[in-house]
Structures are given as structure tokens and as C-alpha cells.
Amino acid sequence: MEVRTRFAPSPTGYMHIGNLRTALYAYLHARKNEGVFILRIEDTDQARLVADSVKVIYESLAVTGIEHDEGPDKGGPVGPYTQSERRGLYKEYAEKLLAAGRAYRCFCEKTEKTEEHDEEHEAPILGYDGRCGRLSEAEIKANLDKGLPYVIRQRIDKEGSTSFKDFIYGDIVVENKQLDDQILLKRDGYPTYNFANVVDDHLMGITHVMRGCEYISSTPKYILLYKAFGWEIPEHIHLPHILGPSGKKLSKREGSVALGDFLKRGFLPEAILNYIALLGWNPGTEQEFFTKADLIAKFDIARIGKAPAMFDETKLAWLNGQHIRAKTPDEAHALFLPFYPESVTGKFDARKLTGYIQGKVEKLSDLPQMTAFLAALDENFPKDLFVHAKNKTTLEGSRAVLQDLADALNCLGDWEYGSILGAVKAYAEAKGAKLGPVMWPLRIAISGQAVTPTGAAEIAELLGKAETLRRLSLAAARLA
RNA sequence: GGCCCCUUCGUCUAGCGGUUAGGACGCUGCCCUCUCAAGGCAGAGAUCACGGGUUCGAAUCCCGUAGGGGCCGCCA
């Protein structure tokens with residue numbers, strides 16, 4: 001049977017990294033099995049509609065290369081793919097349940113979750129007591145005649161238990177008395193997630209339902225729905241959570257959670273994809289660097305783990321560096337360019353700069369700070385930087401070297417990396433010195449910092465002859 | 001509070017009855033090098049949450065306990 005998976009985000013205005021991983025896994029599983037990956041927009045909460053947020057979903061999928069085969073923008077045989085456009089369908093199916101006695105109208109007041117319940121989670125919240133389920137035909141009719149608003153609730157027989165086999169977590173059994181008569185159709189006529197999800201997954205022929213494991217506890221209710229309709233139950237694959245640094249579900253409170261944030265901060269989409277793929281899944285080999293094509297080839301839902309994983313930005317950064325290094329110089333440059341300060345791109349050969357530092361960059365957002373010294377030397381950098389035990393450089397020695405070097409470089413005809421290095425080498429040789437003790441003062445003088453993203457000769461070349469000589473004499477003067 | 005789930009180095013993980021418990025990030029050191037935040041090598045770091053079983057033998061199987069997480073919305 002053809003594999004059909006879906007990603008069913010609700011338009012919230014940003015792409016949560018955990019949701020993106022769910023999308024990735026669903027996508028990979030579909031591709032791996034030459035199946036179909038569907039995008040379905042779950043916009044059934046009218047109160048929470050965020051303008052343009054569907055666009056964010058499209059953009060997120062596009063930038064990460066998680067491309068869907070069917071969706072609101074692409075169409076397909078089982079559309080529409082936006083739930084708000086499927087309202088009639090849900091009503092129709094809810095009424096079928098009503099007619100079959102598997103659902104009932106509920107005229108009770110709204111019982112929305114309050115903030116207090118959120119914080120004081122010790123407060124027991126009791127589920128709906130099912131009173132409207134016991135209303136007589138006459139009472140229902142009377143209410144209807146009065147025009148009382150109502151919702152449709154699923155009628156759950158509180159006897160016995162309901163179970164399902166989760167692909168990751170195995171058999172899950174829940175006593176039916178734990179199950180609430182959940183709302184299927186809201187007062188405004190829109191379905192709840194719980195209902196729309198089941199109806200759509202069935203109608204869209206989804207074979208593998210992949211979602212976060214927070215849905216495990218409500219899945220028995222969905223199972224009962226499938227059974228009430230007499231529908232085949234798809235494979236359920238609940239994914240372990242991604243945790244923030246505090247050990248709780250990754251949330252906005254703890255730094256970046258949105259794909260857009262990571263992108264802005266200089267993480268590459270392919271690195272993010274690679275990293276989140278490894279959060280909860282492993283290939284069974286020691287491979288850690290993956291391109292999307294690698295993932296499609298190696299992905300296997302059988303190797304998804306059960307334990308939640310903490311999101312570790314340090315490792316993401318490392319992986320990001322790996323992906324940057326894997327780029328061609330031209331690709332890298334296209335990536336770096338937007339992150340270079342104007343002061344750098346305006347004055348220097350940025351393409352050359354990229355070539356010199358590509359192997360050192362982890363986050364693109366480090367670029368401004370890494371390259372700032374090119375455009376603006378901190379002329380009052382600490383003089384101690386010249387002192388280096390291993391190179392046996394001292395303030396006195398450095399001054400002499402700098403003065404000599406200034407002369408040597410001044411005589412240089414063409415100003416490029418090779419000739420600069422050649423001149424420095426020649427000078428060192430003439431002095432009977434090793435290269436280190438000469439290069440060190442040079443690099444400090446022209447950069448003003450102990451750590452630079454590339455070597456002294458490269459920096460000198462980028463700076464140009466005039467600026468290099470200016471910095472050299474400046475430093476020599478300070479050391480005098 | 002009720003129910004469900006999870007538990008191997010700080011972190012991500014391998015392991016599916018017999019391993020010196022392996023790898024990666026990070027950390028430390030060494031090498032290379034014109035610096036290192038790159039590369040190479042090495043090291044520290046996990047009595048496999050704890051307690052009972054089962055077994056000749058358990059990180060691996062079973063049962064408890066503890067800790068953590070999730071759900072209990074006319075949100076998804």
C-alpha cells in the first residue's frame with residue numbers, strides 16, 4: 001500500500017522547531033517509501049488566526065527543502081487541504097455520529113482552561129460529566145427550539161478500556177473511564193483538532209500518523225472515533241519531545257524555538273535539518289553529517305527513540321560549521337555576504353575574505369564580530385598581546401620586527417598573499433629567526449587581537465599595502 | 001490530584017542476555033601551524049536512576065520505587 005504521511009500545522013505565525021522535526025520525519029518516511037507527503041493546514045481556531053502565518057509555513061518548508069506533494073497551494077485528489085474550507089465535511093460526519101448515537105449535543109456553558117490551572121497544575125481539572133448525554137429527546141428538542149447554542153460531544157462508553165499499538169511506544173491501554181466526552185464540533189461550527197484530525201486523516205488516506213507524543217493520551221479517544229465510523233486505524237507514530245535547556249518542552253521562554261530565529265542567527269537550513277533529524281533518531285551507524293538526500297536514504301522509523309532529547313545549540317553550531325565547510329567557496333560566499341558588515345564589504349575583497357575564513361566559521365552571525373577588525377582597528381589594543389612565550393616575542397623585539405617589516409613590505413611591488421608571505425619569510429631567514437616570532441607581531445599589529453580568523457599574510461593582503469603599513473608604524477610607535 | 005510515557009558520560013546517542021559499555025558535541029592536553037575558534041592525536045567523563053527478582057551470566061527480561069515529562073480546553 002502506498003505510504004501517505006502528512007504534516008498538519010496550525011498557523012501560529014512561526015515554525016516551531018519541534019514541529020519542523022515532525023514534518024521532517026513525516027517527509028522522510030514518505031520519501032523513503034516512495035510515498036506521498038501532504039501538507040494540511042489546521043486552522044480551526046478562529047480566535048487564534050494570525051495573518052500571513054500560512055505563508056510562514058510555506059516559507060519554512062521551502063527553505064528547508066521539505067517539499068509536499070499535496071497541499072493547499074498544490075492541490076491534490078483529496079482536497080481542500082485547509083480545514084476551514086472543509087467545514088461542511090466535519091458537520092456531515094458529526095451528524096453521522098449523532099444519528100448513530102455515538103455523539104450528542106451538549107448545551108452546557110463553556111469551560112475554558114484558565115490561567116490558574118496552567119500554573120497550579122496540582123489543581124485537578126475534572127472532565128465533562130456527560131450530563132447532556134443523558135438528556136431525553138424531549139429535552140433536546142426543547143433546547144433546540146429555544147435556539148440554545150450547542151456543541152457536539154463524542155459519547156464514550158465508560159466501561160472497559162481502549163488500546164492501540166504505537167509504533168514507537170508499543171501498546172498503550174487506557175481505561176475508558178479516563179476518557180472524556182470530548183467536543184467534536186464547536187459552538188461556532190468549526191471542528192476541534194481532535195475531530196478534524198481523525199476525519200481528515202481518514203479522508204486523506206493517511207497511512208502513518210506522525211505527531212508529538214503529547215497526543216498519546218488522547219489517542220484512545222481518536223481510536224474510539226475510528227471505530228465508531230468503522231474506519232481502518234492508521235499506524236500511529238508518536239515522537240518523543242524536544243526539550244529546552246531546563247528539561248521542559250522546548251518553548252519560547254527559553255530562547256529560540258522558531259525556525260526563523262535560527263535562520264536569522266546564522267544557522268543554515270541544512271544544518272538545522274541535519275541536527276533535528278538526529279534528535280530522537282539515529283542511523284545505527286556513526287554517521288552524523290547528513291544532507292537531505294542522505295537522510296532520505298538512511299531514515300527509518302524503526303530507529304526513532306522513545307526518550308525526549310534536549311536541544312543543544314552547541315552541537316547545532318558545530319554541525320553548522322561542518323555544513324559551511326562542505327560548501328563550495330562560491331556557495332559559502334553567497335551565504336556570508338549578507339552577514340558581513342558594510343564597512344567590510346565596502347573596503348575589502350569580501351570574496352577573498354570568505355575563502356580565507358570559510359573553514360573557521362560556525363555561525364554566520366559570528367561574521368561581523370570576526371571581521372570587524374579589518375575595517376576598524378582598535379588602536380588601543382593591549383600591548384601585552386605582543387608578548388608570546390612560545391614565540392619568545394617581547395615588546396622590544398616586536399618593535400624592531402615591525403619596523404623592519406614595514407621597510408621590507410614597503411619595497412614590495414605586488415601586494416598579494418604569496419609575495420607578502422615571501423617577504424616575511426625572507427626577512428625571518430635573513431635574521432636567522434623562525435617564522436613564528438616574526439609573524440606573531442605582524443598579526444597582532446595589523447589586527448589588534450590575539451585570535452584572528454585567518455593568518456597575518458592573508459590579513460595584510462586584504463587590508464592593502466597602505467593600511468598595513470599604517471598599522472605597522474602605528475604599533476611600532478606605541479611600542480617605542 | 002487522576003491517567004499515560006520516559007530514565008546509558010554534562011548533552012545527543014550506540015547497545016536489543018556474555019562488550020575493556022562504542023561514537024559525537026563540549027571539556028582538558030599534545031601535535032601541526034603565522035594565531036586558533038580549523039585539522040590531527042590523546043585523555044578525563046556513565047558503578048547503565050534506585051531496589052528486588054529471573055538467569056551460569058542483565059545496561060539489556062520481569063516487578064516495584066524514585067525522579068522527570070506529557071495530557072486532563074468550544075488550543076492544537
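Data block above holds the structure.
Now for a description of the structure that goes with this document. (Residues numbered from 1 in each chain as written. Chains lettered and ligands numbered in written order. Predicted model: local features only at pLDDT ≥ 70, side-chain atom pairs only at ≥ 80, totals over all residues. Heavy atoms only, no water.)

## Some words on the pairing of strand β4 (residues 151-154)
Logical step 1: Burial along β4 is two-sided: Val-151 and Arg-153 facing one way and Ile-152 and Gln-154 facing the other are all buried.
Logical step 2: Note: strand β3 (residues 103-106) against β4, four bridges, orientation antiparallel. Bridged to Arg-105 within β4 is Ile-152.
Logical step 3: Pairing of β4 with strand β7 (residues 183-185) involves two bridges; the strand directions are antiparallel. Residue Ile-152 lies in a different strand from β7, and its bridge partner there is Leu-185. (Buried < 20%, exposed > 50% of the residue type's maximum accessible area, 1.4 Å probe, protein only. Helix = DSSP H or I, 4+ residues; strand = E, 2+ residues; numbered from the N terminus. Pairing = 2+ DSSP bridges.)

## Points about the packing of aromatic side chains
For any pair of aromatic rings, geometry is given as the distance between the ring centres together with the angle between the planes.
Logical step 1: Under the counting rule described, the total for this entry stands at 18 aromatic pairs.
Logical step 2: Ring centres 5.1 Å apart and planes at 45° place the aromatic pair Tyr-25 and Phe-299 in the tilted group. Of this pair, Tyr-25 sits in helix α1 (residues 17-32) while Phe-299 is found in the loop between α10 (292-298) and β11 (309-310), placing the two residues 274 residues apart along the sequence. The burial state of Tyr-25 is the same as that of Phe-299; both residues are buried.
Logical step 3: Ring pairs connect the aromatic residues Tyr-93, Phe-195, Tyr-226, Phe-229 and Trp-231, which therefore count as one cluster.
Logical step 4: One Lys or Arg, Arg-443, reaches over the ring of Trp-440 and ends 5.1 Å from the middle of that ring. (Phe/Tyr/Trp six-rings, centres within 6.5 Å; stacked < 30°, edge-to-face > 60°. Lys NZ or Arg CZ within 6 Å of the ring centre and 35° of its normal.)

## Focus: the packing of helix α12 (residues 329-336) against helix α14 (residues 350-357)
Logical step 1: Their axes nearest at 9 Å, the elements α12 and α14 cross at an angle of 110°. Classified by the angle between their axes, α12 and α14 sit roughly perpendicular to one another. Every pair of crossing elements has a handedness; the one defined by α12 and α14 is right-handed. Where α12 approaches α14, its residues Pro-329, Asp-330, Ala-332, His-333 and Phe-336 are matched on the opposing element by Ala-350, Arg-351, Thr-354 and Ile-357.
Logical step 2: Residues that form the contact of α12 with α14 fall into these classes: five nonpolar, two polar and two charged. (Axes fitted to C-alpha atoms, helices over the stretch in contact; angles between N-to-C directions. Parallel < 35°, antiparallel > 145°, perpendicular 65-115°, else oblique. Left-handed = near helix turned anticlockwise from the far one by under 90°. Contact = heavy atoms within 4.5 Å. Nonpolar A, V, L, I, M, F, W, Y, C, P; charged D, E, K, R; others polar.)

## Considering the protein's contact with RNA strand B
Logical step 1: As a structural note, the neighbourhood of RNA strand B is formed by 68 residues, with Lys-186, Arg-187, Glu-288, Lys-390 and Val-451 the closest of them.
Logical step 2: Counting only the atoms of RNA strand B that lie within 4 Å of the protein, the sugar and phosphate share comes to 65%.
Logical step 3: Take Met-310: an N or O atom from its main chain is 3.0 Å from a phosphate oxygen of RNA strand B.
Logical step 4: Taking Ala-450, its main chain carries an N or O atom lying 2.9 Å from a sugar or linking oxygen of RNA strand B.
Logical step 5: At the level of secondary structure, the elements contributing two or more residues to the surface near RNA strand B comprise β6 (170-175), α6 (193-203), β11, α11 (313-325), α18 (436-447) and α19 (456-463).
Logical step 6: Of the residues forming the surface near RNA strand B, the biggest block, five residues, is contributed by α11.
Logical step 7: Here the surface near RNA strand B is composed, by residue class, of 25 nonpolar, 19 polar and 24 charged. (Near = heavy atom within 4 Å. Polar contact = N/O pair within 3.5 Å; in protein donor to acceptor, adjacent residues only side chain to side chain.)

## Thoughts on the environment of Leu-279
Logical step 1: Here Leu-279 lies in the loop between α9 (269-277) and α10.
Logical step 2: With relative accessibility at 7%, the residue Leu-279 sits in the buried group.
Logical step 3: Along the chain, Leu-279 and Asp-312 lie 33 residues apart, while their C-alpha atoms are 9.5 Å from each other.
Logical step 4: In this view, Leu-279 contacts Arg-21, Tyr-25, Ile-242, Ala-309, Met-310 and Phe-311; residues no more than four positions away in its chain are not counted.

## Quick word on the pattern of salt bridges
Logical step 1: The tally for this structure, following the rule as stated, stands at 23 salt bridges.
Logical step 2: The salt bridge involving Arg-31 is made with Asp-69; its shortest N-O contact spans 2.9 Å. One end of the pair, Arg-31, is in helix α1; the other, Asp-69, is in the loop between α2 (53-64) and α3 (87-99), with 38 residues separating them in the sequence.
Logical step 3: For Arg-40, the salt bridge goes to Glu-42, with nearest N and O atoms at 2.8 Å.
Logical step 4: Given the relative accessible area of 0%, Arg-40 is considered buried.
Logical step 5: Judged by its relative accessible area of 5%, Glu-42 is buried.
Logical step 6: One network of salt bridges, with partners in common, ties together Arg-6, Arg-40, Glu-42, Arg-86, Asp-200 and Asp-201. (Salt bridge = Lys/Arg side-chain N within 4 Å of Asp/Glu carboxyl O.)

## Points about helix α7 (residues 219-229)
Logical step 1: Of all 11 residues in α7, nine are buried; the element is thus mostly enclosed.
Logical step 2: Listed as buried for α7 are Thr-219, Pro-220, Lys-221, Tyr-222, Ile-223, Leu-224, Leu-225, Tyr-226 and Phe-229.
Logical step 3: At the C-terminal side of α7, Gly-230 shows a positive phi close to 75°.

## With respect to the sheet that holds β4
Logical step 1: Read from one edge to the other, the open sheet built from three strands follows the order β3-β4-β7, with strand pairing classed as antiparallel. A strand with exactly one partner marks an edge of an open sheet, and here the two such strands are β3 and β7. Each adjacent strand pair in this sheet contributes to an overall mean axis angle of 45°, direction not counted.

## What to know about the side chain of Arg-211
Logical step 1: Its location among the elements puts Arg-211 in strand β8 (residues 208-212).
Logical step 2: Buried charged residue Arg-211 carries no salt bridge. Nearest counter-charge: Asp-201, at 4.7 Å.
Logical step 3: Separated by 3.3 Å, the side chains of Arg-211 and Thr-219 make a polar contact.
Logical step 4: Setting aside residues no more than four positions away along its own chain, Arg-211 makes contact with Arg-6, Thr-22, Tyr-193, Asn-197, Thr-219, Tyr-222, His-236, Ile-237, His-238 and Leu-239. (Lys, Arg positive; Asp, Glu negative; His and termini not counted.)

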